[in-house]
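Now for the letters of each chain:
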Amino acid sequence: MPSDPLLEVNYKILPAILSLDGKLLANGHARIEAENHNGVFWPTDLSVLNKSYPQANLTIDGIAHDIPVENVKKCRADLSEHWDFQLPFLK
């Protein structure tokens with residue numbers, strides 16, 4: 001039985017691209033936390049992510065298809081440089 005590529009990358013920090021409607025928002029790294037239905041994205045290319053995104057797509061190395069994500073928001077913790085997101089298809 002083939003394994004689920006999403007579970008193969010679970011909790012691994014991998015190169016990723018965050019996009020919206022086919023437009024690049026940022027290059028960076030992402031970590032999927034499948035059992036928590038969420039993940040984290042760290043922009044690495046100095047892209048300006050200055051607002052929340054209700055919906056976006058995440059392309060992660062090792063997964064052949066884009067992953068739809070929701071509620072992409074900058075973490076509120078002090079000195080945080082990452083963005084949190086939810087995985088709607090795992091709810």
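What counts as what
- Residues numbered from 1 in each chain as written.
- Predicted model: local features only at pLDDT ≥ 70, side-chain atom pairs only at ≥ 80, totals over all residues.
- Heavy atoms only, no water.
- Core = buried A, V, L, I, M, F, W, Y, C linked by side-chain atoms within 4.5 Å.
- Buried < 20%, exposed > 50% of the residue type's maximum accessible area, 1.4 Å probe, protein only.
- Helix = DSSP H or I, 4+ residues; strand = E, 2+ residues; numbered from the N terminus.
- Contact = heavy atoms within 4.5 Å.
- Pairing = 2+ DSSP bridges.
- Axes fitted to C-alpha atoms, helices over the stretch in contact; angles between N-to-C directions.

Undergrad: Can you help me understand the nonpolar core in this one?
TA: Where a protein is soluble and globular, its nonpolar side chains tend to be buried together. Leu18, Ile32, Phe41, Leu58, Ile60, Ile67 and Val69 are the most contacted members of the largest nonpolar core, which totals 23 residues. At the level of secondary structure, the elements contributing two or more residues to this core comprise β1 (14-20), β2 (23-33), β4 (53-60), β5 (67-74) and β6 (83-86). Non-local contacts of Ile60, meaning those with residues more than four positions away in its chain, are made with Leu14, Pro15, Ala16, Ala30, Ile32 and Ile67.

Undergrad: I tried to follow the sheet that holds β1 on my own but got confused; where do I start?
TA: Think of a sheet as strands paired side by side through backbone hydrogen bonds, with each pair either parallel or antiparallel. Within the closed barrel, the 6 strands sit side by side as β1-β2-β3-β6-β5-β4. Their pairing is antiparallel. The average undirected angle you get between the axes of adjacent strands in this sheet is 45 degrees. Across 7 bridges, β1 lies against β2 in antiparallel orientation. Paired with Pro15 across the strands is His29, a residue of β2.

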